[in-house]
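Overview (structure and organization)
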Amino acid sequence: MNNAGDRTGAAPAAVIWSDDFLGYRWTAAHPMNPVRLALTMSLSRSLGVLDGVETTPPMNVDDRLLQTVHTSAYLDAVRSASAVDDYVGGATHLLERLFGLGSTDNPIFEGMHGAASVLVGGTMAAAAAIASGSVRRAVNIGGGMHHAMPGHAAGFCIYNDCAVAIRWLLEQGYDRIAYIDIDAHHGDGVQKVFAADPRVLTVSLHQHPATLWPGSGWPEEVGEQDGRGTAVNIALMPETTDKLWLRAFHAIVPGMLESFRPQIIVSQCGVDSHRRDPLTDLSLTIDGQRAAVLAMRDLADTYAEGRWLAVGGGGYGIVDVVPRSWTHLIAAVTGHDIDPVTTIDESWCRAATEEAQALDETLRGDPVNSMTDGGDIDYLPWDGDGGGPLMAGVTDAAQTRTDATIMATRRAVYPLCGLDPEDPRD
């Protein structure tokens, strides 16, 4: 844990880290390569973000904890599949069909159960640090496995650390938890687990489901039974830029949080929304992603007495994007904010280049020597369904599409919360 109160603007915070996170490694050519985590931590150290910070190790997790979200049959399958040599041919096909294990997205690898459990332990350590009152903010860049379902793996995710930590926080007495997911892919696993639970608000901003896996996250998905009105989905069209993304975020998320009044905010901070990401089609920059992170920190300060648990997630620009964006994330959590124009040390760039050469050729990239992409985050706030002035550098068609997205979500969920979808003050 880090008591960062001796630095201007800082607050007590926990940074969770273990080299064991690097064991969550699929195949050599798999896009989720843990080198992105190691490069993030080395860049954070290079820029002084971790000065004076004693990182916190992950907690040990057992089956009882994992079974608060996942089925015992699934845990048995993951544990058994971890002994890779035992599963070939028809057995592997059966594991894929029943449990999602052995697919191209989720190939079986040795030690899979242990590696996935460590990531859950990281997010649990962050949750426990906040619940104990010793810190207000905590970050686990190794977490964010939001696609994992109770009974099967999905989307590079084995165990859903976000859902496990939220379930645990509910057991500790929290009864209003807001989960905000800014990954380019819909936060489907977390939404599914809590769709009928009115104590958990799930908000996901993602690429439109008609254009990207997993094909869910439509505005009409608003929760189930007692949880109707506690699932919020903001489905953004491909090529959405910083300004438009931020316009949509601020048109919906603060109003929902003001209504819900969370006691803690859990943020899944996937960075595959970046314009260079090889798997998605949104067009954010490092600057837009930083603005989103700072907005969530501000919302935690405003509505949750500063309690903010941030985790990683997607992001497949392993060398050029993820380390920079998540270094901004760690800095935001610790209160050691980095000026975007900061130059990255040449020695880090050389080391990152060497790391890139060791990657499969499909994953290689060149490091960028600045903490900014020069992105324009000066958005105009949404002011209702009557149009309004066109933002500079944005086409009329793009702004119209974004405003239609805003209205679709507000009309679907706002009335269920006693809010007026047409009134920009809500």
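Scanning all chains against the criterion turns up 16 salt bridges. When salt bridges that share partners are traced, they join Asp63, Asp76 and Arg79 into one network.

A word on the nonpolar core. Membership of the largest hydrophobic core comes to 136 residues, with the highest contact counts inside it found for Tyr24, Leu101, Ile158, Trp308 and Leu329. Ignoring any residue separated from it by four or fewer positions in sequence, one finds Leu329 in contact with Val139, Ile141, Cys269, Val293, Trp308, Ala310 and Val311.

A separate point is the sheet that holds strand 6 (residues 264-268). With parallel pairing, seven strands are arranged side by side in an open sheet as 1-2-7-6-3-4-5. The outermost strands of the open sheet, each flanked by one partner alone, are strand 1 (13-15) and strand 5 (231-236). The sheet shows a mean angle of 10° between the axes of neighbouring strands, direction not considered. Where strand 4 (residues 200-207) lies against strand 5, six bridges are found, and the strand directions are parallel. The partner of His206 across the bridge, within strand 5, is Ala235. Its contacts with the sheet place helix 8 (residues 242-260) against strand 3 (177-181), strand 4, strand 5 and strand 6, and it is angled at close to 175° to strand 4.

Take the pairing of strand 4 next. Counted residue by residue, strand 4 has eight buried out of eight residues, so it is predominantly covered. With five bridges connecting them, strand 3 and strand 4 associate as parallel partners. Note that in strand 4 the partner of Asp181 across the bridge is Ser204. Between the parallel pair strand 3 and strand 4, the chain is carried across by helix 7 (residues 188-194), and the sense of this crossover is right-handed.

In the segment running from Trp213 into Pro214, the intervening peptide bond is cis, with an omega of 10°. For Pro214, the location among the structural elements is in the loop between strand 4 and strand 5. Of note, the phi angle at Phe156 is positive, near 75°, even though the residue is not glycine. Note that Phe156 resides in the loop between strand 2 (137-140) and helix 6 (161-171). Classification of Phe156 as buried rests on a relative accessible area of 8%.

As a further point, take the packing of aromatic side chains. Scanning the model with the defined rule gives eight aromatic pairs in all. Geometrically, the ring pair formed by Tyr24 and Trp26 is edge-to-face, given 5.4 Å between the ring centres and 80° between the ring planes. Judged by relative accessible area, Tyr24 falls into the buried class, the value being 4%. On the basis of relative accessibility, which here comes to 7%, the residue Trp26 falls in the buried class. Measuring from ring centre to ring centre gives 6.2 Å for Tyr24 and Phe109, while their planes differ by 85°; the resulting arrangement is edge-to-face. One end of the pair, Tyr24, is in the loop between strand 1 and helix 1 (35-46); the other, Phe109, is in the loop between helix 4 (90-99) and helix 5 (112-131), and 85 residues separate them in sequence. Here the aromatic residues Tyr24, Trp26 and Phe109 are joined through ring pairs into a cluster of three or more.

So, on to the confidence of the model for the chain. Of all residues in the chain, 95% have pLDDT values of 70 or greater, and the mean over the chain is 94. Note on residues 1-10: pLDDT under 50 across the span, and 29 contacts to partners over four residues away in sequence or across chains.

Moving on to the packing of helix 8 against helix 12 (residues 396-413). Their axes nearest at 9 Å, the elements helix 8 and helix 12 cross at an angle of 15°. When the interaxial angle is binned, helix 8 and helix 12 end up roughly parallel. The hand of the helix 8/helix 12 crossing is right-handed. Judged by residue contacts, Leu244, Arg247, Ala248, Ala251, Ile252 and Met256 of helix 8 engage Ala398, Gln399, Thr402, Asp403, Ile406, Thr409, Arg410 and Val413 from helix 12.

Moving on to the side chain of Thr68. Assignment of secondary structure puts Thr68 in the loop between helix 2 (63-66) and helix 3 (72-81). Judged by its relative accessible area of 18%, Thr68 is buried. Ignoring anything within four residues of it in the chain, the contact list for Thr68 reads Val164, Arg167 and Glu171.

We now examine the environment of Arg410. Locating Arg410 in the fold gives a position in helix 12. The class for Arg410 is buried, based on a relative accessible area of 0%. For the pair Arg410 and Asp420, spaced 10 residues apart in sequence, the C-alpha to C-alpha distance is 8.1 Å. Excluding anything up to four places from it in sequence, Arg410 contacts Ala251, Ile252, Trp382, Pro415, Asp420, Pro421, Asp423, Pro424 and Asp426. Within the structure, the side chain of Arg410 is placed 2.8 Å from the backbone oxygen of Pro421, a separation counted as a polar contact.

With that out of the way, let us pick up the pairing of strand 2. With burial as the criterion, each face of strand 2 is covered, one bearing Arg137 and Val139 and the other bearing Ala138 and Asn140. Pairing between strand 1 and strand 2: three bridges, direction parallel. Looking across to strand 2, one finds that Val15 is bridged to Val139. With four bridges connecting them, strand 2 and strand 7 (residues 308-311) associate as parallel partners.

What follows is about helix 12. Helical geometry: 3.6 residues make up each α-helical turn, so side chains three or four residues apart lie on a common side. An ideal rise of 1.5 Å per residue puts 26 Å on 18 residues; helix 12 measures up with 26 Å between its terminal C-alpha atoms. Within helix 12 the residues assigned to the buried category are Ala398, Gln399, Thr402, Asp403, Thr405, Ile406, Met407, Thr409, Arg410 and Val413. Buried residues belonging to helix 12 abut strand 5 and helix 8.

The next thing to look at is the state of the cysteines. All chains considered together, the criterion is met by zero disulfides. Cysteine Cys162 shares no disulfide, and the gap to the nearest cysteine sulfur, in Cys157, comes to 8.2 Å. For Cys162, a relative accessible area of 1% corresponds to the buried category.

Thresholds, definitions, all that
Residues numbered from 1 in each chain as written. Predicted model: local features only at pLDDT ≥ 70, side-chain atom pairs only at ≥ 80, totals over all residues. Heavy atoms only, no water. Salt bridge = Lys/Arg side-chain N within 4 Å of Asp/Glu carboxyl O. Core = buried A, V, L, I, M, F, W, Y, C linked by side-chain atoms within 4.5 Å. Buried < 20%, exposed > 50% of the residue type's maximum accessible area, 1.4 Å probe, protein only. Contact = heavy atoms within 4.5 Å. Pairing = 2+ DSSP bridges. Helix = DSSP H or I, 4+ residues; strand = E, 2+ residues; numbered from the N terminus. Axes fitted to C-alpha atoms, helices over the stretch in contact; angles between N-to-C directions. Right-handed = clockwise from strand over helix to strand, strands pointing away. Phe/Tyr/Trp six-rings, centres within 6.5 Å; stacked < 30°, edge-to-face > 60°. pLDDT = per-residue confidence, 0-100. Parallel < 35°, antiparallel > 145°, perpendicular 65-115°, else oblique. Left-handed = near helix turned anticlockwise from the far one by under 90°. Polar contact = N/O pair within 3.5 Å; in protein donor to acceptor, adjacent residues only side chain to side chain. Expected span 1.5 Å × (residues − 1). Disulfide = S-S within 2.5 Å.

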